[in-house]
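# Observations on the model geometry
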Amino acid sequence: MHPLLALDGLGVAFDTPLGPAPAVDSVSFALEKGESLGLVGESGCGKTVLSLAVLGLVPPPGRVTGGRILFEGRDLLTLGPEALRGVRGAGIGMVFQEPMTSLNPVMRVGFQTAEPLMLHKGLDKARALERAAELFAQVGLPDPGRVLRAYPHELSGGMRQRVMIAMALACEPRLLIADEPTTALDVTIQKQILELLASLARERGLSMLLISHNLGVVARTCARAGVMYAGRLVELSPVEALFERPLHPYSQGLLASLPRLGERHRLTPVAGAVPPIHGLPPGCHFHPRCPSAFEPCRREAPPAFAPEPGRAVRCWLHAPEARP
Ligand code: SF4
């Protein structure tokens, strides 16, 4: 049995006048059926570009430079546009950060939800609208009949995000990709939407790839977390183990910057800034910010080491032969 989604050495670069700038660099991981994985990192770390690559939606001048994206064993990078649209429509559902930019402002949300059901499932309009109302009820929208007839601007931010989730679920996908699904919402609604996503994934046996800059959001929703830095996946770990004992110095910095209940001391954000992708430092891209950097770090990019079962870390500190 192959995993539902497997990335194998995925690379994505943006062509610039100075040459190709790597946005995603040799990223590999597997996502099993029914599993939720959160990708976390500061803005510009490549997590959104990675999710767009899985969907075949990297905007130019970006392009996939290498690797494979296996969905149910099929390499999506070898599919033509038509077949890829089919996978996107029926196999993979998407929820983006800001529903207002994803929803058509001049079309009722009921029809927007019904349309993929007509396209990909062959339902007639009446049945597709009926199904849209059922989905609205399942994602907790009050008065689904009224919501069917509403335009996006007539709904609150939280209701629009619920509509987006209903749309993403319409064709019963096996994988849900949610990119910063709660960033534009207030804290109470954020919590409700995260709980909704987690319970829908559980009930439907859905796999979920959650993209977030917020480690707390990933911890609440996912069993495993991947930490990205400057295009690389620097740590992959069960969430609990990551919180208990982060292995990568960057993960340690991210965790140290999280506010903890009852603590009064000042937060310690990771010192320095993420380098621009057209000016990445050689070797380990984190070395200018790393308090533990030593000789090989400036020279050579660390591969992924597996110091514990179920965990991977790209850091020379975890290579027995390279320890200082
Ligand atoms: Fe720090 Fe070196 Fe590990 Fe990079 S490889 S995180 S610079 S210790």
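Residues numbered from 1 in each chain as written. Predicted model: local features only at pLDDT ≥ 70, side-chain atom pairs only at ≥ 80, totals over all residues. Heavy atoms only, no water.

Taken in spatial order, the seven strands line up as E6-E7-E8-E3-E9-E10-E11 in an open sheet, and their pairing is mixed. The open sheet has two free edges, formed respectively by strand E6 (92–95) and strand E11 (312–313), since each of these has just one partner strand. With two bridges connecting them, strand E10 (residues 232–238) and E11 associate as antiparallel partners. Note on E11: the bridge partner recorded for Glu235 is Val313. (Pairing = 2+ DSSP bridges. Helix = DSSP H or I, 4+ residues; strand = E, 2+ residues; numbered from the N terminus.)

We now examine empty space enclosed by the protein. With the rule as written, the count across this model stands at two cavities of 30 Å³ or more. Reported here for the largest cavity is a volume of approximately 80 Å³. For the largest cavity, the lining is made up of 14 residues, of which Pro249, Cys284, Cys290, Cys297 and Cys315 are closest to its centre. Each residue belonging to the lining of the largest cavity can be placed in one class, and the counts come to 11 nonpolar, three polar and no charged. Within this model, the second largest cavity holds a volume of roughly 60 Å³. Taken together, the residues of the lining of the second largest cavity sort by class into five nonpolar, two polar and two charged. (1 Å grid on protein atoms, 1.4 Å probe; cavity = no way out; pocket = protein on both sides within 12 Å on 5 of 7 lines; lining within 4 Å. Points joined across faces, edges and corners; volume = space filled by probe spheres on them. Nonpolar A, V, L, I, M, F, W, Y, C, P; charged D, E, K, R; others polar.)

Moving on, we come to unusual backbone geometry. Cis peptide bonds are those with omega within 30 degrees of zero, and the linkage from Pro60 to Pro61 qualifies with 10°. Along the chain, Pro61 turns up in the loop between helix H1 (47–54) and strand E4 (62–71). A positive phi angle is found at Asp143, which is not glycine, with a value near 50°. Secondary-structure assignment places Asp143 in the loop between helix H5 (125–138) and helix H6 (144–148).

Another aspect to go through is the pattern of salt bridges. For the structure on display, the rule yields 17 salt bridges. Put simply, Glu35 and Arg224 hold a salt bridge, and the shortest N to O gap is 2.5 Å. With Glu35 in the loop between strand E2 (19–31) and strand E3 (36–40) and Arg224 in strand E9 (residues 224–229), the pair connects residues that are 189 residues apart, well separated along the chain. One salt-bridge network, in which partners are shared between bridges, spans Arg127, Glu130, Arg131 and Glu134. (Salt bridge = Lys/Arg side-chain N within 4 Å of Asp/Glu carboxyl O.)

Turning our attention to H1. Within H1, seven of the eight residues are buried, which leaves it mostly tucked inside the rest of the structure. The complete set of buried residues in H1 reads Lys47, Val49, Leu50, Ser51, Leu52, Ala53 and Val54. Count one or two residues on from H1 and you reach Gly56, which has phi positive near 70°. (Buried < 20%, exposed > 50% of the residue type's maximum accessible area, 1.4 Å probe, protein only.)

So, on to the packing of aromatic side chains. The geometry of two aromatic rings is summed up by the distance between their centres and the angle between their planes. In the structure shown here, the tally under the stated rule is four aromatic pairs. Taken together, a centroid distance of 4.6 Å and an interplanar angle of 55° make the contact between Tyr229 and Tyr250 tilted. Of this pair, Tyr229 sits in strand E9 while Tyr250 sits in helix H11 (residues 249–256), and the two are 21 residues apart along the sequence. Residues Tyr229 and Tyr250 agree in their burial class; the two are buried. Ring centres of Phe305 and Trp316 lie 5.8 Å apart, and the angle between their planes is 55°; this geometry places the pair in the tilted category. Of the two residues, Phe305 sits in the loop between helix H12 (295–299) and E11 while Trp316 sits in the segment after E11, which places them 11 residues apart along the sequence. (Phe/Tyr/Trp six-rings, centres within 6.5 Å; stacked < 30°, edge-to-face > 60°.)

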